Amino acid sequence: MATSGNFKDDGTITAAGRGQVCVPTASRNQQFKKLKAIRDNQTCFDCPNTRPTWASVTYGVFLCLDCSATHRNMGVHLTFVRSLDLD
């Protein structure tokens, strides 16, 4: 099988064409599952909402949908948020 795009012959995926290998999806999901199981991570960092579905990559905190919108409006130069489920 030939190498195509960011996929290597051995099934690994390179990071944005830089030749580094990305974390496999199963491993990444397992790490997020462990992080979400921590009691402090089961509440939004900015408000009392439970079961946050977003994270601030900049600050390493979990956020609810409403607070993630506030962070997105601040701009990526201050805080960068990603969905835990979609990205």
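Report follows, based on the coordinates.

Scoring rules and cut-offs
Residues numbered from 1 in each chain as written. Predicted model: local features only at pLDDT ≥ 70, side-chain atom pairs only at ≥ 80, totals over all residues. Heavy atoms only, no water. Helix = DSSP H or I, 4+ residues; strand = E, 2+ residues; numbered from the N terminus. Buried < 20%, exposed > 50% of the residue type's maximum accessible area, 1.4 Å probe, protein only. Contact = heavy atoms within 4.5 Å. 1 Å grid on protein atoms, 1.4 Å probe; cavity = no way out; pocket = protein on both sides within 12 Å on 5 of 7 lines; lining within 4 Å. Points joined across faces, edges and corners; volume = space filled by probe spheres on them. Polar contact = N/O pair within 3.5 Å; in protein donor to acceptor, adjacent residues only side chain to side chain.

Right, let's get into the environment of leucine 63. Residue placement: leucine 63 occurs in strand E2 (residues 61-63). Judged by its relative accessible area of 0%, leucine 63 falls in the buried class. Along the primary structure leucine 63 and phenylalanine 45 are separated by 18 residues, whereas in three dimensions their C-alpha atoms are 5.7 Å apart. Excluding anything up to four places from it in sequence, leucine 63 contacts Cys44, Phe45, Asp46, Pro52, Thr53, Trp54, Ala55, Ser56, Ser68, His71 and Val81.

One way to see where empty space is left: roll a probe the size of a water molecule over the atoms. For the largest pocket, the calculated volume is near 390 Å³. Every residue lining the largest pocket is counted, 16 residues in all, and those nearest its centre are Arg28, Phe32, Val57, Arg82 and Leu84. Listing elements by their share of the lining of the largest pocket, those giving two or more residues are helix H1 (25-37), strand E1 (54-56), E2 and strand E3 (81-83). If one sorts the elements of the lining of the largest pocket by residue count, H1 sits on top with four residues.

Here the focus is unusual backbone geometry. With a phi close to 55°, arginine 51 is a non-glycine residue in the positive phi region. Secondary-structure assignment places arginine 51 in the loop between H1 and E1. Note on arginine 51: relative accessible area 72%, which makes it exposed.

Glancing now at the side chain of asparagine 41. Structurally, asparagine 41 can be placed in the loop between H1 and E1. The class for asparagine 41 is buried, based on a relative accessible area of 18%. Looking at asparagine 41, its side chain comes within polar contact range of the main-chain oxygen of leucine 35, at 2.8 Å.

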